[in-house]
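# Inside the fold
Take a look at the letters that make up each chain.
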Amino acid sequence: MKQRGLLIANPNATSTSSGVRDVITRALSHEIDLEVITTTSRGHAEELAAATEGIELLITLGGDGTINEVVNGMLNSGRADLPMLATIPGGSANVMARALGFPNDAIEATGMILESLRTDASHHVGLGNAVFVAVETGIEHSKWFTINAGVGIDADVVAAMEAQREAGRAASGTRYAWTAFQEYMRDVGRRNHPKMSLQLPGQDPVEGLAMVIVQNTAPWTFLGPFPINPCPRASFELGLDVFAPHSLGLASTTRYGLRMLRGSRKGEVPGHLTLLHDEAAFIVRAEAPIALQLDGDSMGRVDSVDFRSRPRALRIIG
């Protein structure tokens, strides 16, 4: 008997089309009893993934935001026997799929998933969790993330990119780089930009942080074909890694950028930079409300975030 599978497809994903979706659907249907649902709005994928009784395999066709919604729906569903997860890249960066070793091509990735199903190839991955209170609403949230989180200018860039996409501009590596440059220049001009502290259990807080990047895997993101690696040792099999500059001055930021492009694994820590590896839990606090992003989705502004790692949270095809 075929497995029951659900393909959740984002029709607005930047690097796919209805024709590609039809080819993928036909290919998958040869191996599994497949239902296909196309999302209609932000949050729809999370709702679908939360109502998956009887589904043995969940497949996403979209970007990292679609995967994030599906993962949050699965883990918040209350199901003890979670379905397996597979992902087909359809977004602009596709960090999760590429970090898992899949090609950045939807048809080729589908072929790898089919081969993995035939050979029963799968493995478990860890996830990150962020608990925070949204300043705008006062509501506490507990959100899962698969690849990364960011507090500060990283999240400002994500929010600016979301605003541009809502205005009809397509996401691209070039647009992301230009937006990051614009946000950086604005940040440099905001001398009252809030600083942050990072608290590890049983230790004194690390004060005076200008930005905090949290990685659950490597790379952090891609700029076109180029991996960007603040924390190249980050892994789905370990806890969370942290890259936290104390300064975003031009000289130090240039140095950090070159380090990210090189993906340095050396033990040296440049001045004014805090690096952490394989951490189970920590709290980031800000002097004033500051932006937060999870897996490339803006979460608004927060005063603090409680980060935790959950090992072997999901079983992934491949």
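Residues numbered from 1 in each chain as written. Predicted model: local features only at pLDDT ≥ 70, side-chain atom pairs only at ≥ 80, totals over all residues. Heavy atoms only, no water.

### What to know about the overall build of the protein
If you tally the helices and strands in the protein, you get 8 helices and 16 strands. Compactness check: the protein gives a C-alpha radius of gyration of 19 Å against a globular reference of 20 Å for 318 residues, within 12% of the reference. Along the three orthogonal principal directions, the C-alpha set of the protein runs to about 60 × 40 × 40 Å. The 318 residues of the protein split such that 52% are buried. Within the protein, contacts between residues separated by at least 24 positions form 72% of all contacts whose residues are at least 6 apart in sequence. For the protein, the accessible surface area stands at approximately 14,200 Å², while carbon and sulfur atoms represent 52% of it. Placing the 28 positive and 35 negative side-chain charges of the protein at their respective mean positions leaves the two points 5 Å apart. (Helix = DSSP H or I, 4+ residues; strand = E, 2+ residues; numbered from the N terminus. Rg over C-alpha atoms; globule rule 2.2 N^0.38 Å. Buried < 20%, exposed > 50% of the residue type's maximum accessible area, 1.4 Å probe, protein only. Contact = heavy atoms within 4.5 Å. Areas by Shrake-Rupley, 256 points an atom, 1.4 Å probe, with all protein chains shown as cover. Lys, Arg positive; Asp, Glu negative; His and termini not counted. Charge placed at Lys NZ, Arg CZ, Asp CG, Glu CD.)

### Quick notes on the environment of Leu 85
Turning to its location among the elements, Leu 85 is positioned in strand E4 (residues 84–89). For Leu 85 and Ser 197, which are 112 residues apart along the polypeptide, the C-alpha to C-alpha distance reads 35 Å. Once you skip the residues sitting within four places of it in the chain, Leu 85 turns out to touch Leu 57, Leu 58, Thr 60, Ile 67, Val 70, Val 71, Met 74, Leu 314, Arg 315, Ile 316 and Ile 317.

### Remarks on the nonpolar core
The biggest cluster of nonpolar side chains holds 46 residues, and the ones touching the most others in it are Leu 28, Leu 58, Ile 59, Leu 85 and Leu 314. Non-local contacts of Ile 59, meaning those with residues more than four positions away in its chain, are made with Leu 6, Leu 7, Ile 8, Leu 28, Ile 32, Leu 34, Ala 86 and Ile 88. Among the nonpolar cores identified, the runner-up in size contains 25 residues, and Val 212, Val 242, Ile 290 and Leu 292 belong to it. (Core = buried A, V, L, I, M, F, W, Y, C linked by side-chain atoms within 4.5 Å.)

### Considering the environment of Val 157
Residue placement: Val 157 occurs in helix H6 (residues 153–166). Taking the C-alpha atoms as reference, Val 157 lies 6.2 Å from Glu 183; in sequence the two are 26 residues apart.

### Notes on the confidence of the model for the protein
Confidence along the protein averages 89 in pLDDT terms, with 93% of residues attaining 70 or more. Across the protein, the secondary-structure element scoring lowest on mean pLDDT is helix H7 (residues 173–189), at 70, and the one scoring highest is strand E10 (residues 212–215), at 98. (pLDDT = per-residue confidence, 0-100.)

### Some details on unusual backbone geometry
Put simply, Ala 218 and Pro 219 share a cis peptide bond, and its omega is 5°. Structurally, Pro 219 can be placed in the loop between E10 and strand E11 (221–223). Even without a glycine there, the phi angle at Arg 312 is positive, about 50°. Of note, Arg 312 is situated in strand E16 (residues 297–317). The exposure class of Arg 312 is exposed, given its relative accessible area of 58%.

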